[in-house]
Amino acid sequence: MVTSTLVVVICLALIFDYTNGFHDAANSIATIVSTKVLTPFQAVIWAAAFNFLVYFFVKDYKVANTVSKIVVQHYVTLHVLLAGLIAAITWNLITWWFGIPSSSSHTLIGGFAGAGITNALYMGSTPLSAVNMAYILKIVAYIVLAPFMGMIIAYFVTIIVLHLSKRSRPATAEKWFKRLQLLSSAALSYAHGGNDAQKVMGIIYVALISANVIGSGSAMPHWIPLACYSAIALGTMSGGWKIVKTMGTRITKITPLEGVSAESAGAITLFFTQYFGIPVSTTHTITGSIIGVGLTKRLSAVRWGVTINLVWAWIITIPVSGLIAAAIFAILRAIS
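Everything quoted here is computed from the prediction, not taken from an experiment.

Caption draft 1: How the structure looks around the overall build of the protein. Secondary structure assignment for the protein yields twelve helices and zero strands. Out of the 336 residues belonging to the protein, those deemed buried represent 56%. In the protein, of all internal contacts separated by at least 6 residues, the share reaching a separation of at least 24 is 88%. Carbon and sulfur atoms form 72% of the exposed surface of the protein, whose accessible area is close to 13,900 Å².

Set out below in structure tokens:
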């Protein structure tokens, strides 16, 4: 049954997808802007186009399926989803305001899980009975693995590219790498759209099941992917310049060659995790890739003070989002 609460949940999910776009726009355009291959305006249009292009090619929503199963169905209500989304949007806006490239993916997962656990407590169940631990442990593991994979791939891609181009004239090589960076940035934007938009698809899908609009196990309605890819593309077009500065200049200096390596490594990692249905953080992945590029010069080329601050933001995102969602769920329950 379509209710006003369901409509609010769907609207908030798409608003979150929009904030995800402008919060994570830096992931796919930071290097291409910092190397001056494109202007910021051109870069966001480029990234948004490839965010949306995924809609026409990806029809297997493994990441959405994983997100929809994070909280056990018995404990999922529209108020759980509402509290999780409000918490995720709140943390997204706070971190965006302070220019912190935290994970939109993990704030959504933390909010959803936190509200589900709180609902289980109100129902007299044990907290961990509300979540599928297999999915949670996989997501937590990839908080470490995704940036590490990006770092390792970027390191070796950079070494290989440097070896292949060592006899090229610097001016000629830079011109070609600027052209190649258009392709690598497009691949990263495409992977970003395919990975991140699916998380919101999973939330909307489980909301429809909770409201008895569709049955459990039903095929995902076609309008959900269209709406989610549109929302994240529009969000990307809105930019996220504070985070662009952090990602593009404060971790390490980036050349067009290194931009190609970092973006290619990030895209490869995201395609891999998407294939296996693992909802990883695009932010973590590209940060690891940029660090990997910096390591090919020397350890001191990476500004480790900035990197450590980012890691702390990553660590606290899930628990903080969960606590915010728990408080909001308690308020909603008291009101209703």
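Caption draft 2: The side chain of Gln274, seen in detail. With respect to the helices and strands, the residue Gln274 is situated in helix α10 (residues 256-275). If we ignore the near neighbours within four places in the chain, the residues touching Gln274 are Val58, Lys62, Val63, Ala191, Gly194, Asn195 and Gln198.

Caption draft 3: Main features of the environment of Ala130. Following the sequence through the fold, Ala130 ends up in the loop between α5 (104-122) and α6 (133-164). Residue classification places Ala130 among the buried residues on the basis of a relative accessible area of 0%. Separated by 56 residues in the primary sequence, Ala130 and His74 place their C-alpha atoms 7.9 Å from one another. Beyond its immediate stretch of four places on either side in the chain, Ala130 contacts Ile70, Val71, Val72, Tyr75, Gly116, Ile117 and Ala120.

Caption draft 4: Representation of the pattern of salt bridges within the structure. What the rule picks out here adds up to two salt bridges. Asp60 serves as the salt-bridge partner of Lys62, at 3.9 Å between the closest nitrogen and oxygen. A salt bridge links Lys199 to Asp196, with the nearest nitrogen and oxygen atoms 3.1 Å apart. Placement of the pair is Lys199 and Asp196 together in helix α7 (residues 170-210), with a separation of three residues, close to one helical turn. Here Asp196 falls in the buried class, since its relative accessible area comes to 0%.

Caption draft 5: Fine view of α6. Between its first and last C-alpha atoms α6 spans 45 Å; for 32 residues at 1.5 Å apiece the expected length is 46 Å, and the two agree. Approximately 40° is the largest bend angle found in α6, and it occurs at Tyr142.

Caption draft 6: Just helix α2 (residues 40-53), in detail. Between the first and last C-alpha of α2 there are 20 Å, a value that for 14 residues agrees with the 20 Å anticipated at 1.5 Å per step. Buried residues of α2: Ala43, Val44, Ala47, Ala48 and Asn51, and no others. Buried positions in α2, seen along its axis, are confined to an arc of 125° and lie on one side of it.

Caption draft 7: Examining the side chain of Ser261 more closely. When you line up the elements, Ser261 lands in helix α10. If sequence neighbours within four positions are ignored, Ser261 has contacts with Ala154, Val157, Thr158, Val161 and Val293.

Caption draft 8: Just the packing of aromatic side chains, in detail. Inspection of every chain in the model, using the stated rule, returns ten aromatic pairs. For the ring pair Phe52 and Phe56, a centre distance of 5.6 Å and an interplane angle of 85° mean the geometry is edge-to-face. What makes Phe52 partly exposed here is its relative accessible area of 24%. Overall, the relative accessible area of 48% leaves Phe56 in the partly exposed class.

Caption draft 9: A look at the packing of helix α4 (residues 78-97) against α7. Contact geometry of α4 with α7 gives a least axis separation of 9 Å together with a crossing angle of 155°. Taken together, the axes of α4 and α7 lie roughly antiparallel to each other. The way α4 lies across α7 gives a crossing that is left-handed. Side by side, α4 and α7 meet where Leu78, Leu81 and Leu85 of the first sit next to Ile203, Val206, Ala207 and Ser210 of the second.

Caption draft 10: Local environment of the packing of α7 against α10. Axis separation between α7 and α10 bottoms out at 8 Å; the angle between their running directions is 25°. One finds that α7 runs roughly parallel with respect to α10. In terms of crossing hand, the pair formed by α7 and α10 is left-handed. Of the residues that constitute the contact of α7 with α10, the class distribution is twelve nonpolar, twelve polar and three charged.

Caption draft 11: Up close: the environment of His222. Note on placement: His222 falls in the loop between α7 and α8 (223-237). A relative accessible area of 70% places His222 in the exposed class. A C-alpha to C-alpha distance of 9.9 Å links His222 and Lys59, two positions 163 residues apart in sequence.

Definitions and limits used
Residues numbered from 1 in each chain as written. Predicted model: local features only at pLDDT ≥ 70, side-chain atom pairs only at ≥ 80, totals over all residues. Heavy atoms only, no water. Helix = DSSP H or I, 4+ residues; strand = E, 2+ residues; numbered from the N terminus. Buried < 20%, exposed > 50% of the residue type's maximum accessible area, 1.4 Å probe, protein only. Contact = heavy atoms within 4.5 Å. Areas by Shrake-Rupley, 256 points an atom, 1.4 Å probe, with all protein chains shown as cover. Salt bridge = Lys/Arg side-chain N within 4 Å of Asp/Glu carboxyl O. Expected span 1.5 Å × (residues − 1). Bend = angle between axes of the 7 residues up to and from the residue. Arc of directions from axis to C-beta. Phe/Tyr/Trp six-rings, centres within 6.5 Å; stacked < 30°, edge-to-face > 60°. Axes fitted to C-alpha atoms, helices over the stretch in contact; angles between N-to-C directions. Parallel < 35°, antiparallel > 145°, perpendicular 65-115°, else oblique. Left-handed = near helix turned anticlockwise from the far one by under 90°. Nonpolar A, V, L, I, M, F, W, Y, C, P; charged D, E, K, R; others polar.

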